[in-house]
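# Working through the structure, step by step
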Amino acid sequence: MKAKIILFRLVAVLFLIGWTGCEKEDTSQNIILYDKPLDVIQSHIQGKWKLAYGKGGYAANSIFYDDNYYMEFTADNRVIKTGDNIVYANSTIKWTKVGPYEWVKLSPGKYTDTYLMEFNDRREYPYCYIVDKIYNDTLIIHDNMADAVSYYFNKTK
């Protein structure tokens, strides 16, 4: 009888160990990027990202969606912006360090020691973004302007 109780407990313990070992590992990535060194920012954003939605602008709570808009950040410091199979930008990124006493157009109290990501589109129109963070595997970048739009991108495979 004692052997059956010990055997039952052993099976129960092994079952519980096996049960907890089967939990899905959380592989989501969460990292604040605006206050990190440039090499950390570049390594985390590298790859192709699909726009999920944008939020903000003149109407601060407006949300817009675009199913075919992508930004790709390459290992050789380039950005490729595409939408509906049109290449809007294929440009080298200029990273500008903004010091603690320089004014950043978006939330000057928050982004006072960060890198601005600047590049031109095919018409030489300049873009300037702040890479904010990756939250739940969503890359969030902002326009560097007072009426900024925040862009939420999901990584593609």
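You'll find the structure just up there.
Not measured: the values here are computed from a predicted model.

Summed over the entire model, instances satisfying the criterion amount to nine aromatic pairs. Taking the centre distance of 4.5 Å and the plane angle of 15 degrees together, the rings of tyrosine 53 and tyrosine 152 count as stacked. With tyrosine 53 in strand S2 (residues 47-56) and tyrosine 152 in strand S11 (residues 149-155), this residue pair connects regions lying 99 residues apart in the sequence. Residue classification places tyrosine 53 among the partly exposed residues on the basis of a relative accessible area of 28%. Residue tyrosine 152 is classed as buried on the basis of its relative accessible area, which comes to 17%. With a centroid separation of 5.8 Å and 90 degrees between ring planes, the pair formed by tyrosine 129 and tyrosine 151 is classed as edge-to-face. Note that tyrosine 129 is positioned in strand S9 (residues 126-135) and tyrosine 151 in strand S11, a separation of 22 residues in sequence. On the basis of relative accessible area, tyrosine 129 is assigned to the buried category, the value being 3%.

Here we come to the pattern of salt bridges. Scanning all chains against the criterion turns up one salt bridge. Two residues, lysine 36 and aspartate 35, come together in a salt bridge whose shortest N-O distance is 3.2 Å.

Attention shifts here to unusual backbone geometry. The phi angle at aspartate 84 is positive, at roughly 50 degrees, despite the residue not being glycine. Phi angles above zero are rare outside glycine, and asparagine 85 is one such case at about 60 degrees. For asparagine 85, the position within the fold is in the loop between strand S5 (78-83) and strand S6 (86-92). According to the relative accessible area criterion, asparagine 85 is exposed, its value standing at 83%.

Core analysis: the biggest nonpolar cluster contains 25 residues, and Met71, Phe73, Met117, Val131, Leu139, Ile141 and Phe153 have the highest contact counts within it. Listed by contribution, the elements that provide at least two residues to this core are helix H2 (38-45), S2, strand S4 (69-73), strand S8 (114-120), S9, strand S10 (138-143) and S11. Among the elements that make up this core, the one with the highest residue count is S9 (four residues). Non-local contacts of methionine 71, meaning those with residues more than four positions away in its chain, are made with Gly47, Lys48, Trp49, Val79, Ile80, Lys81, Phe119, Tyr129, Ile141 and Phe153.

Inspection of the secondary structure assignment puts cysteine 128 in strand S9. Through-space distance from the C-alpha of cysteine 128 to that of leucine 116 is 6.5 Å; in sequence the pair is twelve residues apart. The residues touching cysteine 128, leaving out its near neighbours within four places in the chain, are Leu116, Met117, Glu118, His142, Asp143 and Asn144.

How each quantity is defined
- Residues numbered from 1 in each chain as written.
- Predicted model: local features only at pLDDT ≥ 70, side-chain atom pairs only at ≥ 80, totals over all residues.
- Heavy atoms only, no water.
- Phe/Tyr/Trp six-rings, centres within 6.5 Å; stacked < 30°, edge-to-face > 60°.
- Helix = DSSP H or I, 4+ residues; strand = E, 2+ residues; numbered from the N terminus.
- Buried < 20%, exposed > 50% of the residue type's maximum accessible area, 1.4 Å probe, protein only.
- Salt bridge = Lys/Arg side-chain N within 4 Å of Asp/Glu carboxyl O.
- Core = buried A, V, L, I, M, F, W, Y, C linked by side-chain atoms within 4.5 Å.
- Contact = heavy atoms within 4.5 Å.

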